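Each chain, letter by letter, is given below.
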Amino acid sequence: MPDGNDLSDFPIINRGYNSVFLLNRLSIGLVMPLESYSIGAKPTMAKHIEMAQLAEALGFSALWLRDVPFDVPSFGDVGQIFDPFVYLGTLAALTNDIALGTASIILPLRHPAHVAKAAATADVLSDGRLILGVASGDRPEEYPALNMSFPDRGARFRDSFHYIRALENDRPRHEGHQGVLRGTMDMLPKPVGGRIPMLITGGSQQSPDWVAEHGDGWVTYPRDVASQHRVISEYRNRLAKGEAENRPVMQSLYVDLLDDPDAKPRPIHLGFQSGTEFLKNYLSDLQDIGVNHVALNLRLNAQDTETTLKLLADELLPDFGHRGNLP
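Residues numbered from 1 in each chain as written. Predicted model: local features only at pLDDT ≥ 70, side-chain atom pairs only at ≥ 80, totals over all residues. Heavy atoms only, no water.

1. Notes on the packing of aromatic side chains
A ring pair, where both rings are aromatic, is described by two values, the distance of the centres and the angle of the planes.
Then, in step 1: Within the structure shown, the criterion is met by 10 aromatic pairs.
Then, in step 2: The rings of Phe157, Phe161 and Trp210 are connected pair by pair, giving a single aromatic cluster.
Then, in step 3: Between the NZ or CZ atom of Arg139 and the centre of the ring of Phe75, over which it lies, the distance is 3.7 Å. (Phe/Tyr/Trp six-rings, centres within 6.5 Å; stacked < 30°, edge-to-face > 60°. Lys NZ or Arg CZ within 6 Å of the ring centre and 35° of its normal.)

Here it is as structure tokens:
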């Protein structure tokens, strides 16, 4: 099979996408809200704007918002509470350069016309800083509340994805299960770069070939380095085999940072507790295997969030902090 390293640089789409994702480089972003809260608890959202602005000032590459319509107690995590698109508009007005991403919008729970309109608006208001992660959803309890079926969410995801792509064209034409566009009207505004960069999360109920062909990148989950290397190589081999442009890979990571920089790792939910040295070495390994961005989640971090952000910036951003050449 072809080697994914033979692929070219990433496509030029917008300011956010091309500042966060650089070939053979890893950048670091943060999952909102920037505060710690335990399983089953709700974030306070205290100082959330101040923390976002601090993250930008310290040089982190992106802020990532989740889409959690309902608080499902059995899931144990309500997310950042605020609607992601309203929140994107607020952050667009109160930050200047940091990329603003979603990880991820649950396409089957929203009409694609509304997603397209909101995403293009956020992209324009932020001067091209939006990165739209999209997913099929993993909370079955939410679907009956919206009179939708959970098992067929993969088909709705596909239909929504193509609908959104169609709306990026002038006087679009599209025929799908969620509506027909006959070329007699348009949707405004258009995205700054001509299209919204859409990253597909996990499998999203699609085949691996479909994910590689259609997404502008791939959002995957934390794994040990050997396993992550294998799945990233498979993804990039599919890109090369399908003669697609090269596309970035990002992952999330829960961290609980300890005072002792040499503290050994201990597993936590979707990540680990450790000192900065282990975290730095782990990120370096991820960069070597082709991960282009890591979104750190501080929800389970015991230390003061502001202190942790400054420590992460001091210890990690000299090696992994960059905002690339903006188009």
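On we go.
2. Focus on unusual backbone geometry
Then, in step 1: The omega angle of the peptide bond from Ala103 to Ser104 is 5 degrees, so this bond is cis rather than trans.
Then, in step 2: Within the secondary structure layout, Ser104 lies in strand β3 (residues 99-106).
Then, in step 3: Geometrically, the link from Leu188 to Pro189 is a cis peptide bond, its omega value of 0 degrees lying close to zero.
Then, in step 4: Topologically, Pro189 is positioned in the loop between β6 (179-182) and β7 (198-201).
Then, in step 5: Positive phi, normally seen in glycine, also occurs at Met45, with a value near 60 degrees.
Then, in step 6: Note that Met45 resides in the loop between β1 (27-31) and α2 (48-58).
Then, in step 7: Residue Met45 is classed as buried on the basis of its relative accessible area of 7%.
Then, in step 8: For Asn147, which is not glycine, the phi torsion reads 60 degrees and is therefore positive.
Then, in step 9: Following the sequence through the fold, Asn147 ends up in the loop between α5 (142-145) and α6 (153-167).
Then, in step 10: A relative accessible area of 73% places Asn147 in the exposed class. (Helix = DSSP H or I, 4+ residues; strand = E, 2+ residues; numbered from the N terminus. Buried < 20%, exposed > 50% of the residue type's maximum accessible area, 1.4 Å probe, protein only.)

3. A short note on helix α3 (residues 84-94)
Then, in step 1: Taken together, the buried positions of α3 are Pro84, Phe85, Tyr87, Leu88, Leu91 and Ala92. The buried residues of α3 occupy an angular sector of 150 degrees when the element is viewed end-on, so they sit on one face. With respect to the buried face of α3, the exposed residues turned more than 90 degrees away are Val86 and Ala93.
Then, in step 2: Residues of α3 that are buried in the fold lie against α2, β2 (62-65), β3, α4 (112-125) and β4 (130-135).
Then, in step 3: Between the side-chain oxygen of the N-cap and the backbone nitrogen of Phe85 there are 3.0 Å, and the N-cap of α3 in question is Asp83. (Arc of directions from axis to C-beta. Contact = heavy atoms within 4.5 Å. Polar contact = N/O pair within 3.5 Å; in protein donor to acceptor, adjacent residues only side chain to side chain.)

4. Re the nonpolar core
Then, in step 1: Within the largest apolar cluster, 70 residues are counted, with the highest numbers of intra-cluster contacts made by Ile28, Phe60, Leu63, Leu132, Leu279 and Leu283.
Then, in step 2: Val20, Val31, Trp64 and Leu199 belong to the second-largest nonpolar core, a separate cluster that totals 14 residues. (Core = buried A, V, L, I, M, F, W, Y, C linked by side-chain atoms within 4.5 Å.)

5. Quick look at α2
Working note: α-helix, 3.6 residues per turn, so residues spaced by three or four point in the same direction.
Then, in step 1: Taken together, the buried positions of α2 are His48, Ile49, Met51, Ala52, Leu54, Ala55 and Glu56.
Then, in step 2: Buried residues along α2 sit against β1, β2, α3 and α10 (305-320).
Then, in step 3: Within two residues after α2, Gly59 carries a phi angle of roughly 105 degrees, on the positive side.

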